[in-house]
Structure formats: structure tokens, C-alpha cells
Amino acid sequence: MKKAVVLGIGLIGGSLALCLKENTTLDVHGFDASEESIRLAEAAGMIHRGHTELKPAVEEADFLFLAVPLGAAARLLEQLAEFSLKPDCIISDVGSTKGQIVQHAGRLKNLGGTFIGGHPMAGSHRSGVQAAHSLLFENAYYVLTPVPETPMSEVQKLSRLLEEATRARLVIMAPDHHDRVVGAISHLPHIVAAGLVNQVAGYNESNEWFFRLAAGGFRDLTRVASSHPVMWRDILLSNQKAVLHLLDDWVVEMKQVRELVSKGDAEEIEMFFRQAKEAREGLPERKKGAILPEYECYVDVPDAPGEIAKVAHLLGMEGISLRNIGVMENREDRAGVLRLVFHTGEQLEKAEARLRASGYQVFVLDS
Ligand SMILES: NC(=O)c1ccc[n+]([C@@H]2O[C@H](COP(=O)([O-])OP(=O)(O)OC[C@H]3O[C@@H](n4cnc5c(N)ncnc54)[C@H](O)[C@@H]3O)[C@@H](O)[C@H]2O)c1
Ligand SMILES: O=C(O)C(=O)C[C@]1(C(=O)O)C=C[C@@H](O)C=C1
């Protein structure tokens, strides 16, 4: 039986291990510096076998996946270069930037097997093995970044395995191209979200109404500011050039808005928002979930006993059936947010109207 080892059983590594175990015939091993994560992964049946020592974990491996923060991934690669891996072993990673790690692997002349950079474009602000789930990558793009020297047969082998395991859409990109694009749609937004939260947190220190009044807009826009600081530190450090360029453009963009506001230019201000709305509505849809698209909304509820039952009862009385219900944990204060998923858009609309009529605040996100 062929062996796959996931190094780092957190959100992404745990999800990948689950996918490999559920959807392939591979013997799936997990390695993590944290004994607790390995214990949890074994207990949840995420892996066939867990390790906290590297050498026995990677021996005889046919596939190795590095799923640790980028700084740790570079150090793990150096350690792997000291072992004699199987010559046909494929080593990949899931890191959010690709240029630096691909270059690093290329320089490690003793590294056995073939290294192919990888990055699933799916994730969460949550981290750790407890946040892992097997549908995380479904229908998401999964980028592979081979270099010209990488044998095509190995790229195909990895691509087929990942497609089978994760049901993601595999795409191939040059590492630098990947870093420029992902810098704009992921790294810059994370910086903006964190900067905004820090700015408002500063105001809130002397006046706590700032956080208390924060509603959908602030919360939607800043969800990702709850992400793992070490992971994001490593992402910015490993994508310095692209991020600096993007930040310069962002400053120009903000200066332009400042100018419009300072001039009181109504027409141009409206145009600024109109252009963004049109562009946002043109984003390609990403349908998640087994087969069905998600018809979902978020409802603010007081964090009190019986609140979930009250919402479910209201909907039940209208004959609206729920496909899924979840409690979001991203509220710092006393209220909570329920995520409701319906089978059809019609049911979603009906539920929205019913809940609003009963005084609930309902948010429907554009897909
Ligand atoms: N979180 C996301 O949304 C997301 C999405 C795509 C890719 N990624 C990338 O995936 C990688 C992992 O991120 P995550 O969100 O799964 O993080 P995580 O914190 O959930 O998991 C990381 C795991 O690695 C372990 N670990 C850390 N250093 C280690 C070391 N030296 N040796 C062994 N184990 C070690 C930790 O104990 C933890 O279990 C990062 O490189 C990140 O850039 C993250
Ligand atoms: O959904 C989130 O919370 C994420 O931040 C996921 C996200 C992203 O920016 O889209 C974060 C980093 C990854 O490299 C890929 C995906």
C-alpha cells in the first residue's frame, strides 16, 4: 500500500489528511510537533497513524505534504534533505506563497524525490486540527506551481491524486505569478482587515461604543483579522516584493478616495461605489458543499438558552426546512450569529422575510 504523510495536522493538514483517507486507498500518516494534535487526529480517525518524530514518519513515504506555517516548512524541507527519501517520492506543500519555498526546495540538492509547490485556495480564520473538515477544498481552486525542470509525469500524478482526494479544481501556475495574484486577493485583504481592526481598536480604547456598535459591515469585512498571526507573519515575509507593490497601490487608491471626499465630489464618490459593486457582482461563483449550491444567511441572536430552537420553530411553522444550521463563534461580545443554510433560493427568501418580520437582523451575503 502506498503511503502519504501530512506534516502539520492543523486546519489545512487535517483537512487534507481526511480527504486522502476518505477518498483514496493510501495509508495516511500524520506528523505534528504537537502531541495533542496527533492524539486528536487519531481519535477523530483523520489518519491511520500519527507521529511526533520526523524520521520514522517520512520513511518509505510515496507522498509528503508540508502543512505547517511557511517558516517551519522551509526548516522541515532542510530536515527532509538529511534523510534518504524514496527517489520517486513526491513532496508538496500547501503554503500560501510559492516563490520562496519553491526556490528553497530547488537549492536543497540532497532533497530526494520531486518537490512540487501547492496551494489550496480555501481556508478559514480558524486554525488547528479541530477546525479541519473533509469538504474544505471541494470546488475550490488548488494551485500547483511546478518549475520547468519538474517532470510532467510527477505533476500529473500529484494533480490526479489531489483531484481525487479533495475534489478541488487543480490549476498550474508559475510561482511568481501565483504570488502576485494571491497577494492581491488574499494577502492585501488580510492586511486591510487587520489594519482596520487595529485602527478601530485604538478608538475603542477611549470609547467602547466603537466595538459595541460594530454590526454586519465591520464584522463581514474583518472576519479574517481573527486568522493565525504566525501564519500571516510568514506569508508577508515570504511575499515581500508583491505585498509592498500592492500596499503602494492601496495607498494611492485610498488617497484618491480621500481627495473625492475632501472635494465633496458626489458624482465621483457614487462612481467609486458603483464600479466596486459591479465588479463584486461579477466575481465568479464558488459553489461549495456536496452537490448543491449554498443558500445561506446569517442571523444575529442573543446568546441565551432556547434561541436556536426559537428560530428553527419560526421557520418550521412556515414549512421552511433547513439544510444546515451552525453557530458562528466570531462574536466577541454577548450576542451570537446563526448560519442557516436552505435547499433553495426561494426558501432562503421566505426565511429572510419571516425572520425580519419577527425582529431579527438577517444578513444575506452575495456569493
Ligand atoms: N488557514 C488558511 O486559510 C490557509 C489556506 C490555505 C493555505 N494555508 C497554508 O497552510 C499552512 C498551514 O496553515 P493552517 O491554517 O493549517 O495552520 P494551523 O495552525 O491550523 O496548523 C499548523 C499545524 O502545524 C503544526 N506545526 C507547526 N510547526 C511545526 C513544526 N515545525 N513541525 C511539525 N508541526 C508543526 C502545528 O502544531 C499545527 O498543528 C500555512 O503554510 C498556510 O500558509 C492556510
Ligand atoms: O477564508 C478565509 O478565512 C481565508 O482567509 C482563506 C484564504 C483567503 O485569503 O482566501 C487565506 C489564506 C490562504 O492562503 C487561502 C485562503
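Residues numbered from 1 in each chain as written. Chains lettered and ligands numbered in written order. Predicted model: local features only at pLDDT ≥ 70, side-chain atom pairs only at ≥ 80, totals over all residues. Heavy atoms only, no water.

## What about the site of ligand 2?
Heads up, the condition is: Proximity is defined per residue: any heavy atom of the residue falling within 4 Å of a molecule or strand makes that residue near it. Polar contact is the term for a pair of N or O atoms within 3.5 Å; when the atoms are in protein, one must be able to donate a hydrogen and the other to accept it, and sequence-neighboring residues count only if both atoms are side-chain atoms. Working definition of accessibility: Shrake-Rupley area with a 1.4 Å probe, residue cover restricted to the visible protein chains. Classification used: nonpolar for Ala, Val, Leu, Ile, Met, Phe, Trp, Tyr, Cys and Pro, charged for Asp, Glu, Lys and Arg, polar for all others including Gly. Each domain's extent is set by a domain assignment, obtained either automatically or from a database.
If you check the shell around ligand 2, you find Ser 96, His 119, Met 121, Gly 123, Ser 124, His 125, Ser 186, His 190, Arg 223, Val 224 and Trp 232 and nothing else. Contacts to ligand 2 include His 119, whose side-chain N or O atom sits 2.6 Å from an oxygen atom. Here His 190 contributes a side-chain N or O atom positioned 3.0 Å from an oxygen atom of ligand 2. Relative to its unbound accessible area of 370 Å², ligand 2 is 83% covered by the protein chains. Among the residues forming the shell around ligand 2, the class breakdown is 3 nonpolar, 7 polar and 1 charged. Taken domain by domain, the makeup of the shell around ligand 2 includes at least three residues from each of domain 1 (3-173) and domain 2 (177-281).

## Things to note about a nonpolar patch on the surface
Let me state the cut-off plainly: What makes a patch is a set of residues exposed beyond 30% relative accessible area and free of salt bridges, joined within 9 Å when like-charged and within 5 Å when nonpolar (Val, Leu, Ile, Met, Phe, Trp, Tyr). By definition, a salt bridge exists where a carboxyl oxygen of Asp or Glu is found within 4 Å of a side-chain nitrogen of Lys or Arg. We count a stretch as a helix when DSSP gives it H or I for four or more residues in a row; a strand needs E for two or more, and each element gets its number in order from the N terminus. Only protein chains enter the calculation, and the probe is 1.4 Å; a residue is then buried if its accessible area is under 20% of its type maximum, exposed if over 50%, and partly exposed in between.
On the surface, Tyr 203, Phe 210 and Phe 211 cluster together into a nonpolar patch covering about 280 Å² of accessible area. Assignment of secondary structure puts Tyr 203 in helix H7 (residues 175-206). With relative accessibility at 40%, the residue Tyr 203 sits in the partly exposed group.

## Notes on the packing of aromatic side chains
Defined as follows: Each pair of aromatic rings taken from Phe, Tyr and Trp, with Trp reduced to its six-membered ring, is defined by centres within 6.5 Å and is described as stacked if the planes are under 30 degrees apart, edge-to-face if over 60, and tilted in the remaining cases. Any Lys NZ or Arg CZ that is within 6 Å of a ring centre and within 35 degrees of that ring's normal is treated as a charge sitting over the ring.
Under the counting rule described, the total for this entry stands at 4 aromatic pairs. Each ring, one from Phe 211 and one from Phe 218, has its centre 6.4 Å from the other, and the planes form 40 degrees; the classification is tilted. On the basis of relative accessibility, which here comes to 22%, the residue Phe 218 falls in the partly exposed class. When the ring centre of Tyr 141 is taken as origin, the NZ or CZ atom of Arg 169, which lies over that ring, is 5.0 Å away. Seen from the ring of Trp 209, Arg 212 lies directly overhead, with NZ or CZ sitting 4.8 Å from the centre.

## Here we look at helix H13 (residues 307-317)
Selection criterion: In this description, the arc belongs to the directions extending from the helix axis to the C-beta atoms.
Residues of H13 that are buried include every one of Glu 307, Val 311, Leu 314 and Leu 315, and no others. For H13, the arc enclosing every buried residue in end-on projection is 95 degrees, short of the 170-degree limit, so these residues lie on one face. Exposed residues on H13 whose side chains face more than 90 degrees from its buried face are Ala 309, His 313 and Met 317. Two residues or fewer after H13 comes Gly 319, characterised by a positive phi angle close to 75 degrees.

## Some points on the packing of helix H4 (residues 70-80) against helix H10 (residues 229-238)
In plain terms, the rule: As a rule, the C-alpha atoms of each element are fitted with a line to give its axis, helices using only the stretch in contact, and angles between N-to-C directions run from 0 to 180 degrees. Here the word oblique covers every angle except those under 35 degrees (roughly parallel), over 145 (roughly antiparallel) and from 65 to 115 (roughly perpendicular). Pairs of residues are marked as contacts when any of their non-hydrogen atoms sit within 4.5 Å.
In contact at an axis separation of 7 Å, H4 and H10 are set at 75 degrees when each is read in the N-to-C sense. The orientation of H4 with respect to H10, classified from their angle, is roughly perpendicular. The segment H4 lies against H10, with Leu 70, Gly 71 and Ala 72 engaging Asp 234, Ile 235 and Ser 238. By residue class, the composition of the contact of H4 with H10 is 3 nonpolar, 2 polar and 1 charged.

## As for the domain arrangement of the protein
Frequently, the measure chosen for interface size is the accessible area removed from exposure when the parts meet. Going by this rule: Here the buried area means the combined drop in accessible surface, using a 1.4 Å probe, for two parts upon being joined, counting both sides.
Considered domain by domain, the protein is made up of domain 1 (3-173), domain 2 (177-281) and domain 3 (295-363). The centre of domain 1, based on its C-alpha atoms, is set 31 Å off from the matching centre of domain 2. Taken together, the contact pairs 17 residues of domain 1 with 18 residues of domain 2. For the pairing of domain 1 and domain 2, the buried interface totals around 1300 Å² over both sides, and the portion due to carbon and sulfur atoms is 65%. Of all residues in domain 1, Thr 97, His 125 and Met 173 give up the largest surface area on contact with domain 2, accounting jointly for 40% of the area buried on that side. Linking domain 1 to domain 2 there are 0 salt bridges. Our count for the contact surface shared by domain 1 and domain 2 stands at 7 residue pairs in polar contact (both at pLDDT 80 or more).

## With respect to the site of ligand 1
Taken together, the neighbourhood of ligand 1 is formed by 27 residues, with Leu 11, Ile 12, Asp 32, Ser 96 and Gly 128 sitting nearest. Here Ile 12 contributes a backbone N or O atom positioned 2.8 Å from an oxygen atom of ligand 1. Ser 124 places a polar main-chain atom, nitrogen or oxygen, 3.0 Å from an oxygen atom of ligand 1. Classifying every residue of the shell around ligand 1 by side-chain character gives 14 nonpolar, 12 polar and 1 charged.

## Brief notes about the side chain of Thr 166
Structurally, the position occupied by Thr 166 is in helix H6 (residues 152-166). Only 2.6 Å separates the side chain of Thr 166 from the backbone oxygen of Leu 162, close enough to count as a polar contact. Excluding anything up to four places from it in sequence, Thr 166 contacts Leu 16, Cys 19, Phe 137, Glu 138 and Tyr 142.

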